[in-house]
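The chain contents come next:
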Amino acid sequence: MKFLAQELPSPRAIEETPVTGKNQDPLIAHSLQKEQYIGIFGLAIALIAAVGFFSRRFEYALIFAIALSAILIAFFLFV
């Protein structure tokens, strides 16, 4: 029976590929990141406004849920 550790190469045989300059991955749109965040934030504001147009109670519940989620995410990321 072979164990997993026996199948892996030794740590000295593993080499990192050096990074030359900036990351040139064509699948990552680095220049559009700021616009994407602005669009997502604007979409969230529009959603809350549209929901608030129909029901003020549901709008407050939605804002409370989003704020509580953000606080909990920040708490668990930094603990």
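Bear in mind that the values here come from a model prediction, so they are computed numbers and not experimental data.

What counts as what
Residues numbered from 1 in each chain as written. Predicted model: local features only at pLDDT ≥ 70, side-chain atom pairs only at ≥ 80, totals over all residues. Heavy atoms only, no water. Helix = DSSP H or I, 4+ residues; strand = E, 2+ residues; numbered from the N terminus. Buried < 20%, exposed > 50% of the residue type's maximum accessible area, 1.4 Å probe, protein only. Areas by Shrake-Rupley, 256 points an atom, 1.4 Å probe, with all protein chains shown as cover. Expected span 1.5 Å × (residues − 1). Polar contact = N/O pair within 3.5 Å; in protein donor to acceptor, adjacent residues only side chain to side chain. Patch = residues over 30% accessible without salt bridge, like charges linked within 9 Å, V, L, I, M, F, W, Y side chains within 5 Å. Salt bridge = Lys/Arg side-chain N within 4 Å of Asp/Glu carboxyl O. Axes fitted to C-alpha atoms, helices over the stretch in contact; angles between N-to-C directions. Parallel < 35°, antiparallel > 145°, perpendicular 65-115°, else oblique. Contact = heavy atoms within 4.5 Å. Nonpolar A, V, L, I, M, F, W, Y, C, P; charged D, E, K, R; others polar.

Here we take up the overall build of the protein chain. Counting secondary structure elements, the protein chain contains 3 helices and 0 strands. For the protein chain, the N- to C-terminal ordering of α and β elements is α-α-α. The proportion of buried residues among the 79 residues of the protein chain is 5%. Counting every atom, the protein chain has about 8000 Å² of accessible surface; 70% of that belongs to carbon and sulfur.

On to helix α3 (residues 56-78). In this model, α3 (23 residues) spans 33 Å end to end at C-alpha, consistent with the 33 Å of a helix rising 1.5 Å per residue. Regarding α3, its N-cap is Ser-55, as a side-chain oxygen of that residue lies 3.3 Å from the backbone nitrogen of Phe-58 further along.

Moving on, we come to a nonpolar patch on the surface. Together, Phe-64, Leu-68, Leu-72, Phe-75, Phe-76 and Val-79 make up an exposed nonpolar region whose accessible area comes to about 670 Å². Positionally, Val-79 belongs in the segment after α3. Of the residues examined, Val-79 reaches a relative accessible area of 72% and is grouped as exposed.

The next subject is the pattern of salt bridges. Throughout the structure, instances matching the rule amount to 1 salt bridge. Residues Glu-59 and Arg-56 are paired through a salt bridge, measuring 2.8 Å at the closest nitrogen-oxygen approach. Here the residue Glu-59 and the residue Arg-56 both occupy positions in helix α3, the gap between them amounting to 3 residues, near one helical turn. The class for Glu-59 is buried, based on a relative accessible area of 11%.

The next subject is the packing of helix α2 (residues 33-54) against α3. Relative orientation of the contacting elements α2 and α3 amounts to 150°, with a least axis distance of 6 Å. On the basis of the axis angle, α2 is roughly antiparallel to α3. The residues of α3 that touch α2, namely those facing Ile-48, Val-51, Gly-52 and Phe-54, are Arg-56, Phe-58, Glu-59, Leu-62, Ile-63 and Ile-66. Here the contact of α2 with α3 is built from residues that sort into 7 nonpolar, 1 polar and 2 charged.

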